[in-house]
Amino acid sequence: MTIKVVIAGHRGNMGKSAVQMVSNQEQFELVAVVDSKHAGKKMHEVQGAEPLDIPIYEDIDLCFGERSPDVLIDLTTPAYGKKHMESAFAHGVRPVVGTTGFTEEDIEALRHTAQEKGLGAIIAPNFAIGAILMMKFAQSAAKYMEDVEIIERHHDRKLDAPSGTAIKTAQLISEVREAKVQGHPEEKEDLPGARGADFEGMKIHSVRLPGLVAHQEVIFGSVGQTLTIRHDSINRESFMPGVKLAVETVMNLDTLVYGLENIID
Ligand code: NAP
């Protein structure tokens, strides 16, 4: 069976790789892209888009109505990602979402709608398989070494901080350890923010620099030893096997799954 796909955010860094991945799979068919501009044009007529004879829509409801896709891949911003998901559910389309920056309330509301409609959906803050392994290994390590700090590093066009992966890592660690105050109990910041964001006592530090893609270190400390678990995505292609797996898997789901780790063994 051919899976008909619409991509929102096709001119972005992630979107471009997703267009190439979908176009190269025999079992997928790219039927349209959704853009904040260029309605009525074809992709090959627009600078910065892949040279394909695929229609561009600004109105996502019109796109779903006319093209009847099975799956939406969303790689935009959280505000639009949420609207796109709601529209997808209204049209019986299954969303696969890499967009990061959703709040817990957003995710719960979207989960509720997916359940009501009986439609599968996947939101994955990180589609890189290596990053999923990093999170799993970090959760295992936290059972034995409970003091931990997370340093995530991304390119300077990223809008949200900390990254969805850093938050997800902290959530997984918090499932296996009690919240605790780390560092000196009387420590104070002479410059606000010096110790990073706080997640149940874990500190999360966000670095934003040109030249970076997506990187994370989870550093555990214990008496006389440290353990560092590190993952680097050195290009956007690293995310595409995960996007492909999510598009295939979402067709067999009837609820929202958050996190790629929940669909790989
Ligand atoms: P990017 O290069 O800034 O691309 C974002 C794209 O979304 C742009 O082409 C933008 O178009 C488009 N867009 C914005 N609003 C839109 C709308 N209303 N309708 C259609 N398109 C719209 O960002 P990126 O690096 O590709 O990342 C995209 C998202 O994926 C971010 O949330 C990022 O954090 C996330 N991400 C996820 C993973 C993962 O593994 N899950 C990995 C990397 C990044 P304009 O230029 O016209 O605004």
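Refer to the structure above for everything that follows.
Please read these numbers as outputs of a predicted model, since none were measured by experiment.

### Quick notes on the sheet that holds strand E1 (residues 3-8)
A sheet is described by the order of its strands in space; here seven strands give the open sequence E3-E2-E1-E4-E5-E6-E12, paired in parallel fashion. Edge strands, defined here as strands with exactly one partner in the open sheet, are strand E3 (56-57) and strand E12 (256-258). Taken together, the four bridges between strand E4 (residues 71-74) and strand E5 (residues 94-97) define a ladder with parallel strand orientation. Looking at the pairing, Leu72 lines up with Pro95 of E5. Strands in contact with helix H4 (residues 104-117) are strand E6 (121-123) and E12; relative to E12, the strand with the most contacts, it is inclined by about 150°.

### Focus: the nonpolar core
Counting residues in hydrophobic clusters, the biggest one holds 56 residues, and the most contacted among them are Ile7, Ile73, Phe220 and Val247. In terms of residues, this core owes the most to one element, helix H5 (residues 129-142), which gives seven residues. Excluding its chain neighbours within four sequence positions, the residues that come into contact with Ile73 are Val5, Val6, Ile7, Ala8, Val22, Val96, Val243 and Val247.

### Topic: the pattern of salt bridges
Evaluated as defined, the whole model comprises 17 salt bridges. The salt bridge partner of Glu187 is Arg195, with a shortest N-O separation of 3.0 Å. In this structure, Arg230 and Asp232 form a salt bridge, with 2.8 Å as the shortest nitrogen-oxygen distance. The class of Asp232 is partly exposed, set by a relative accessible area of 30%. Via salt bridges that share partners, Arg153, Glu217, Arg230 and Asp232 belong to a single interconnected network.

### Thoughts on H4
Its 14 residues give H4 an end-to-end C-alpha distance of 20 Å, which sits within 8% of 20 Å, the value for a rise of 1.5 Å per residue. Looking only at H4, the buried set comprises Asp106, Ile107, Leu110 and Ala114. Projected onto a plane normal to the axis of H4, the buried residues spread over an arc of 90° and lie on a single side. Among the exposed residues of H4, those pointing more than 90 degrees away from its buried face are Glu104, Glu105, His112, Gln115 and Glu116. Contact partners of the buried residues in H4: helix H3 (78-90), E6 and E12.

### Quick look at the layout of surface pockets
Take a probe with the size of a water molecule and roll it over the atoms, and the empty space left behind shows itself. Volume-wise, the largest pocket comes out at about 1,100 Å³. Forming the walls of the largest pocket are 40 residues, and the residues nearest its centre are Gly12, Met14, Leu75, Thr76 and Thr77. Elements with a contribution of two residues or more to the lining of the largest pocket: helix H1 (13-23), H3 and helix H6 (164-174). Residue contributions to the lining of the largest pocket peak at four residues, all from H1. The class makeup of the residues in the lining of the largest pocket is 14 nonpolar, 18 polar and eight charged.

### Focus on empty space enclosed by the protein
One pass over the structure, following the stated rule, counts one cavity of 30 Å³ or more. Taken as a whole, the largest cavity encloses approximately 60 Å³ of empty space. Asn126, His154, Thr165, Ala214, His215, Gln216, His231 and Ser233 are the residues that line the largest cavity. Secondary structure elements with two or more residues in the lining of the largest cavity: strand E10 (214-222) and strand E11 (225-233). Grouping the constituent residues of the lining of the largest cavity by class yields one nonpolar, seven polar and no charged.

Reading the values: the criteria
Residues numbered from 1 in each chain as written. Predicted model: local features only at pLDDT ≥ 70, side-chain atom pairs only at ≥ 80, totals over all residues. Heavy atoms only, no water. Pairing = 2+ DSSP bridges. Helix = DSSP H or I, 4+ residues; strand = E, 2+ residues; numbered from the N terminus. Contact = heavy atoms within 4.5 Å. Axes fitted to C-alpha atoms, helices over the stretch in contact; angles between N-to-C directions. Core = buried A, V, L, I, M, F, W, Y, C linked by side-chain atoms within 4.5 Å. Buried < 20%, exposed > 50% of the residue type's maximum accessible area, 1.4 Å probe, protein only. Salt bridge = Lys/Arg side-chain N within 4 Å of Asp/Glu carboxyl O. Expected span 1.5 Å × (residues − 1). Arc of directions from axis to C-beta. 1 Å grid on protein atoms, 1.4 Å probe; cavity = no way out; pocket = protein on both sides within 12 Å on 5 of 7 lines; lining within 4 Å. Points joined across faces, edges and corners; volume = space filled by probe spheres on them. Nonpolar A, V, L, I, M, F, W, Y, C, P; charged D, E, K, R; others polar.

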